Each structure stands twice: as structure tokens, then as C-alpha cells.
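# Descriptive structure summary
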Amino acid sequence: MKYAVLAPALLALLSLAACGAEEPAEPAASASASGDASKETFNPCDGLDITPVEKALGAQLRVEKGTSAAPRCALLPEESGGTAYELNYLPFDGTLAEAWKTMDVKSGDVSEPEVKGAEDARLVKQQGVNSYAVTGFVQNGTLIQSFNSVDLEPYDGDAMDRAAQALLEQLSANAP
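Residues numbered from 1 in each chain as written. Predicted model: local features only at pLDDT ≥ 70, side-chain atom pairs only at ≥ 80, totals over all residues. Heavy atoms only, no water.

### Comments concerning the packing of aromatic side chains
As a reminder of what qualifies: Stacked, edge-to-face and tilted are the three classes for Phe, Tyr and Trp ring pairs, Trp counted by its six-membered ring, which pair at centre distances within 6.5 Å; planes under 30 degrees apart are stacked, over 60 edge-to-face, the rest tilted. A run of H or I in DSSP counts as a helix once it spans at least four residues, and a run of E counts as a strand once it spans at least two, with each numbered from the N terminus. Look at NZ for Lys and CZ for Arg. If either is within 6 Å of the ring centre and within 35 degrees of the ring normal, a charge sits over the ring.
For the structure on display, the rule yields four aromatic pairs. Between Tyr 132 and Tyr 155 the ring centres are 5.6 Å apart and the planes differ by 20 degrees, which places this aromatic pair in the stacked class. A residue pair is termed long-range when its members are at least 10 positions apart, and Tyr 132 in strand S6 (residues 131-140) and Tyr 155 in the loop between strand S7 (143-152) and helix H4 (157-174) qualify at 23 residues. Here the guanidinium or amino end of Arg 122 rests over the ring plane of Trp 100, the centre of that ring lying 5.4 Å away.

### Side note on the state of the cysteines
Any covalent bond linking the sulfur atoms of two cysteines counts as a disulfide. Spelled out, the test is: The disulfide definition used here is simple: a pair of cysteine sulfur atoms within 2.5 Å. For every residue, the accessible area (1.4 Å probe, protein chains only) is compared with the maximum for its type, and the residue is labelled buried under 20%, exposed over 50%, or partly exposed between those bounds.
Under the defined criterion, the tally for this structure stands at one disulfide. Disulfide partner of Cys 45: Cys 73, at an S-S distance of 2.0 Å. The sign of the S-S torsion, about 90 degrees, decides the handedness of the disulfide formed by Cys 45 and Cys 73: right-handed. With Cys 45 in the loop between helix H1 (6-14) and helix H2 (51-57) and Cys 73 in strand S2 (residues 71-77), this pair connects stretches of sequence that are 28 residues apart. Here Cys 45 matches Cys 73 in class, with each residue buried.

### Describing H4
Short version of the rule: Any helix carries an expected span of 1.5 Å times its number of residues minus one. Between N or O atoms, a polar contact is any pair within 3.5 Å; within protein, one atom must be a potential hydrogen donor and the other a potential acceptor, and residues adjacent in sequence are included only when both atoms are from side chains.
Helix length check: H4, at 18 residues, gives a terminal C-alpha distance of 25 Å against a target of 26 Å (1.5 Å per residue), a fit within 8%. Within H4 the residues assigned to the buried category are Gly 157, Ala 159, Met 160, Asp 161, Ala 163, Ala 164, Ala 166, Leu 167, Leu 168, Gln 170, Leu 171 and Ser 172. You can read the cap of H4 off the contacts: a side-chain oxygen lies 3.2 Å from the backbone nitrogen of Asp 158, and it is on Asp 156.

### What to know about unusual backbone geometry
With an omega of -5 degrees, the peptide bond between Glu 153 and Pro 154 qualifies as cis. Of note, Pro 154 is situated in the loop between S7 and H4.

### Thoughts on the pattern of salt bridges
Selection rule: By convention in these notes, a salt bridge is any Lys or Arg side-chain nitrogen within 4 Å of a carboxyl oxygen on Asp or Glu.
Applying the stated criterion across every chain yields a total of five salt bridges. Asp 120 is paired through a salt bridge with Arg 122; the nearest N and O atoms lie 2.6 Å apart. For the pair shown, Asp 120 and Arg 122 are each scored as buried. Linking Lys 125 and Asp 161 is a salt bridge whose minimum nitrogen-to-oxygen distance equals 3.6 Å. Placement of Lys 125 in strand S5 (residues 120-127) and of Asp 161 in helix H4 is noted, with a sequence separation of 36 residues between them.

### Quick look at the nonpolar core
Soluble globular proteins tend to pack their nonpolar side chains together in the buried interior. Heads up, the rule is: Residue types Ala, Val, Leu, Ile, Met, Phe, Trp, Tyr and Cys, when buried and joined through side-chain atoms within 4.5 Å, form a set referred to as a nonpolar core. Should any heavy atoms of two residues lie within 4.5 Å, those residues are considered in contact.
Core analysis: the largest hydrophobic core is formed by 25 residues, its most contacted members being Leu 75, Tyr 85, Leu 87, Phe 147 and Leu 167. Elements that contribute at least two residues to this core include exactly H2, S2, strand S3 (84-91), S5, S6 and H4. Top element by residues in this core is H4. It accounts for seven residues. Each residue touching Leu 75, except ones within four places of it in the same chain, is listed here: Leu 48, Ile 50, Leu 61, Arg 62, Val 63, Thr 83, Ala 84, Tyr 85, Leu 87 and Leu 167. The next biggest cluster of nonpolar side chains, apart from the first, holds seven residues, and it includes Ala 99, Met 103, Phe 137 and Ile 144.

### Quick word on the environment of Asp 93
Structurally, the position occupied by Asp 93 is in the loop between S3 and helix H3 (96-102). Since its relative accessible area comes to 75%, Asp 93 is described here as exposed. For the pair formed by Asp 93 and Leu 143, sequence separation is 50 residues and the distance between their alpha carbons is 8.3 Å.

In C-alpha cells form, the structure reads like this:
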């Protein structure tokens, strides 16, 4: 139950907003970068530069984008047992601060890191008995992108923290 505390918060913010979710009928809520339903749905992995994340983590990652029928955005470790990331997004007319108020984050170390180009960002770090997890959120305009990362023992929490900051920076830089 690595994400037992964060799961309700993530569900509140990201319900039906995963990369693979169908686009809503309302054009204003479209997840595509241009709002044109005929164009491909936005995927946080498209154009994402993972090199700074790998450098901060000290490990190689591979991007998993799924298929056109089942899009996904994940950064998976090249070596078994490494840190894994699952990325999502949500078009949201409010602010991250407003969305944050609806979340039930009962534990974890919450910070508001500065992220170039972003209106707001949050990191939640949780050290479990045998695991370390970091969840990040970054807002650019009406787009809130998020990721969950987890690693089991032996993990390097400092490296995961550096990689989380690097990933927030890359998500912000890559936002449409």
C-alpha cells in the first residue's frame, strides 16, 4: 500500500484524466494542445527530455508511450528494481492551489518547489518501511501534469528527490 495516503488525492484530481482517457465531449475541456478534437491527444511523454531526469537519478530510463488505442506515459527503469514513473495530466480551469484544497493528503513531506515557467508546483515525498515514493504536480496555464514515482529498497531518496525536481522542470518546459 505504497500510495494508500496519496491515492484519494490523486483520484480527486485526476479522475478520468489519464493519458488514455477518452476526450470529453466539451471542446473547452479537450486534452489536446490546440483544443481541436481531430488532433492527437496530448501525451506528457511526447517531446519530453528525460536526460536531466536520468542524470539526477543516476540511472537509465526508457519511455513507454503505449499505443494510439491505449496511450500511456511511463518512465521505466532499464535495470530491474529501479525507480519507475507514471505520468498523467488534467486540463483544469482552476489553479493547482484550488485543486490541492480538495485533496486529502494526510501524510508525507509536502513542498512547493520553484519550477521555471510554471504557475505552481507541489511535491509529496513519503518514506515507507521498504519503499520511497514521490508524487509531483506542475501547473502551466490550464494544464496540470502529475507523476507518481516509487522505488523499493535499496533506494536512493536523495537521487529520487533530484530526479523529481528535474522531471517537474521538464514537464513544465514541454507543456503546450
